[in-house]
Amino acid sequence: MPIGKSRASKRPSGGSSSSSSTATLLVLIFMSVFGIWMLTSSSVVTPPRQKSIVHKETSHFDSIHHNPNLPQKIPSDQTATVFEDIPGDLPADALKEEDEHDKDERDTIPFKQHTEKLITAKNDTEKEGGKQAKDNVDMYKWELCNVTTGMDYIPCLDNEIAISKLRSKGHYEHRERHCPDEGPTCLVPLPEGYKKPIPWPASRNKIWFHNVPHKDLAKVKGHQNWVKATGEFLTFPGGGTQFIHGALHYIDFVQQMVPEIAWGKHTRVILDVGCGVASFGGFLFDKNVLTMSFAPKDEHEAQVQFALERGIPAISAVMGTQRLPFPYNVFDLVHCARCRVPWHIEGGKLLLELNRVLRPGGYFVWSATPVYRKEKEDVQIWKEMSALTVAMCWKLISIKKDKLNLIGVAVYQKPNSNECYSERKKQEPPMCKPDDDPNASWYVPLQICMHKVPSKETERGSQWPEVWPERVQKPPYWLNKNPLGIYGKPTPKDFEADYEYWKRVVSNTYMHGLGVNWSNVRNVMDMRAVYGGFAAALKDLKLWVMNVVNIDSPDTLPLIYERGLFGIYHDWCESFSTYPRTYDLLHADHLFSKLKNRCKTTVVITEVDRIVRPGGKLIIRDKSNMIEEIKDLLKSLHWEILLTFSKNEEQILSAQKSTWRPKTYTTPSSS
């Protein structure tokens, strides 16, 4: 039942004194709920949307990032209403000029008082409804996952049955995603001795061993200063295979080679391939650079889990047979130290994938052994790489030896025009066919081809973005005013309104009213990002946000990257490519009501429980009936419901995960 409705009427009445106190309580609760929703009204009141009927090719965001050969669950009507089914739209006050008097009055409401009254009323009701709450908990029977990977279980990467049926593993097919037909509803056990993670920035240098109890990597890579086992800690000296004397020296060395890289200004969002424990990306935070690091789940046990436990962004992924889950032309720079990727083979198929995601004019930094060693194999690889990069029109702009680390670094630049492509004597690698969608990347096979560089001034990729931090708030040059945006206004205005909206909601509500201590929050995920406004509103905090754009949603992920933020395509009916216990806070704005017709809510909440750390938070904004269902699920999982707000048919829920785990295991699958 929505908080604030008929709450006092449940109290026993006994005479005039009791009636008077009841009336007083009614007034207090009404005022508190009204005050709260004055603050949060911009999140749950949906305005009349302006419907835009346009053809698909005129819209910025109607591309769906999927494999066109797979069955689709979305309508294919080419003249359908664009962006119509978007719950959580901006309310009227986010789409119009606010009355300054009303704005000032709302922003100065003593939020703490309203919150305290709301919590008191909530607790009273829960005492009276205790039996009902217990019945809801008893509806669900949870068990631990009975899998060989135990506490490190990633369902789509540890599907042993599917992997055993693969015809080949020569292209790392066994490291790619192979999801079960339906997501698991079992829980991942906690490591014995698990402790509250060490906060950032201390976590960059050390983590609790019992949180990620793996020592083999320290034995294998300790001499390269990746990670060392030190008593109850795992420590990270900041080194890597190619920068054993520390990432900061290496980072500065790269910029000295090519000053135009300008870390944190010109170069803001980068991709680190084969990242190890992600020290490169971890120290780039000091330069205001956001790094998407990835590595496979392989014999370098838990390397990505080490990174995330340290508070550094990373995902489990591999350069295999499929495109990476990112749009094209979005990364300012791609880095590969000794990433063990054979870029030169099979027509350069893997390097061509980097070409797809690298922004025109962007840089590829390569410091593998073929750059500087003279062994026969290295010399041959360098020869083949040189021929391939020339054929791809990449320009080798600098090659230099780092005398401290005794390595060499080569820096290439992708062309920012099509002139070189047309002048090649031999059209290999070939240009991609016109009907090949360069943004399509969800289970899409790799292609041996290159996409043309955008040449029109109104096309994304024809110009470099604004420098950071201006790019986070300024609408990109390529946002056309004619197609309407997701919330019904001309797209640049839509973008600006969304940013102002999320700044207000985060400042007025999220920072003070949801029971979240933001100083303890580092790893954040927005499970249904649109323009990235939630992440942008948090940009001044010492945290990072993984923006997830769902595969059946309008394709706004390129815009998120253009802002100097980052994210990934994903389908929440499947498991996310991360280890258990890796995020401090998950945010879901009208996600679950969008998913309910495609997959079970229980499956998605089970995945949320897998991803969130004990003590971590979940913030959900959705329809009331959806919130009530989720609340029952979370209670059955022994999560603490910190706060719920409700108005009309919408609610906000804030919850915290506990350390509870069931005692029994599921029955192993016999198939």
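Use the structure listed above.
In this report, the structure presented in the accompanying data block is examined.

Quick notes on the rules
Residues numbered from 1 in each chain as written. Predicted model: local features only at pLDDT ≥ 70, side-chain atom pairs only at ≥ 80, totals over all residues. Heavy atoms only, no water. Core = buried A, V, L, I, M, F, W, Y, C linked by side-chain atoms within 4.5 Å. Buried < 20%, exposed > 50% of the residue type's maximum accessible area, 1.4 Å probe, protein only. Phe/Tyr/Trp six-rings, centres within 6.5 Å; stacked < 30°, edge-to-face > 60°. Helix = DSSP H or I, 4+ residues; strand = E, 2+ residues; numbered from the N terminus. Lys NZ or Arg CZ within 6 Å of the ring centre and 35° of its normal. Pairing = 2+ DSSP bridges. Axes fitted to C-alpha atoms, helices over the stretch in contact; angles between N-to-C directions. Contact = heavy atoms within 4.5 Å. Parallel < 35°, antiparallel > 145°, perpendicular 65-115°, else oblique. Left-handed = near helix turned anticlockwise from the far one by under 90°.

**Some words on the nonpolar core**
Alright, step 1. One finds L271, W343 and F364 to be the most contacted residues of the largest nonpolar core, which totals 144 residues.
Alright, step 2. Formed by 11 residues, the second largest nonpolar core is a distinct cluster that contains F209, V212, L217 and A302.

**Quick notes on the packing of aromatic side chains**
Alright, step 1. Counted under the stated rule, the structure contains 25 aromatic pairs.
Alright, step 2. Between the aromatic rings of F236 and F306, the centroid separation amounts to 6.0 Å while the plane-to-plane angle is 65°, which identifies the pairing as edge-to-face. Of this pair, F236 sits in the loop between β3 (233–235) and α8 (247–257) while F306 sits in helix α10 (residues 303–309), placing them 70 residues apart in sequence. Pair check on accessibility: F236 and F306 agree, each one buried.
Alright, step 3. Here the aromatic rings of Y501 and W502 are separated by 4.9 Å at their centres, their planes lie at 65°, and the arrangement is edge-to-face.
Alright, step 4. Judged by its relative accessible area of 1%, Y501 is buried.
Alright, step 5. Ring pairs connect the aromatic residues F243, Y250, W263 and F280, which therefore count as one cluster.
Alright, step 6. Sitting above the plane of the Y499 ring, K503 keeps its charged end 4.6 Å from the centroid.
Alright, step 7. It is R522 that lies over the ring of W200; its NZ or CZ is 3.6 Å from the centre.

**With respect to the sheet that holds strand β13 (residues 567–570)**
Alright, step 1. The 7 strands are arranged β13-β12-β11-β14-β15-β17-β16 in an open sheet whose pairing can be described as mixed. Sheet topology places β13 and β16 (640–647) at the edges, where each strand pairs with a single neighbour. Strand after strand, the sheet turns through a mean of 15° between neighbouring axes, direction not considered.
Alright, step 2. Pairing of strand β14 (residues 583–589) with strand β15 (residues 612–623), which is carried by 6 bridges, proceeds in the parallel orientation. Among the inter-strand pairings, H587 is bridged to a residue of β15, identified as I619.
Alright, step 3. The strands that helix α18 (residues 601–611) touches are β14 and β15; relative to β15, the one it contacts most, it runs at about 145°.
Alright, step 4. Contacts from helix α19 (residues 624–636) reach β15, β16 and β17 (650–656) within the one sheet, and its direction differs from that of β15 by about 160°.

**Here we look at the environment of F645**
Alright, step 1. Positionally, F645 belongs in strand β16.
Alright, step 2. When the C-alpha atoms of F645 and S624 are compared, they prove to be 9.7 Å apart, with 21 residues separating the residues in sequence.

**Concerning the packing of α18 against α19**
Relative placement of two packed helices is described by the angle separating their axes and the distance separating the axes.
Alright, step 1. Following both chains from N to C, one finds α18 and α19 inclined at 55°, their axes separated by 11 Å at the closest point. In terms of their interaxial angle, α18 and α19 are classed as oblique. Taken as a pair, α18 and α19 cross one another with a handedness that is right-handed. Counted together, T601, T602 and I605 of α18 and M626, E629, I630, L633 and L634 of α19 form the full contact between these two elements.

**Some details on the pairing of strand β10 (residues 407–413)**
Alright, step 1. Summarising burial for β10: 6 of the 7 residues are buried, a large majority.
Alright, step 2. Note: strand β8 (residues 358–366) against β10, 4 bridges, orientation antiparallel. When the bridges of β10 are listed, Y363 appears paired with Q413.
Alright, step 3. The sheet contact formed by strand β9 (residues 395–402) and β10 spans 7 bridges and is antiparallel. Within β10, the residue paired with D402 across the bridge is I407.

**Side note on the environment of Y665**
Alright, step 1. Tracing the backbone through its elements, the reader meets Y665 in the segment after β17.
Alright, step 2. Y665 sits in the partly exposed class, given a relative accessible area of 45%.
Alright, step 3. The spacing of Y665 and N146 is 519 residues in sequence and 5.6 Å in space, taken between C-alpha atoms.
Alright, step 4. Excluding residues within four positions of it along the chain, Y665 makes contact with E143, L144, C145 and N146.

**What to know about the sheet that holds strand β6 (residues 314–316)**
Alright, step 1. Strand order in the open sheet made by the 7 strands is β6-β5-β4-β7-β8-β10-β9, with mixed pairing throughout. Among the strands making up the open sheet, the edge pair consists of β6 and β9. Averaged over all pairs of adjacent strands, the angle between their axes in this sheet comes to 20°, without regard to strand direction.
Alright, step 2. Across the sheet, helix α11 (residues 349–357) touches β4 (269–273), β7 (331–336) and β8, and the angle it forms with β8 is around 135°.
Alright, step 3. Where helix α12 (residues 376–391) meets the sheet, it contacts β8, β9 and β10, and its direction lies at approximately 170° from that of β8.

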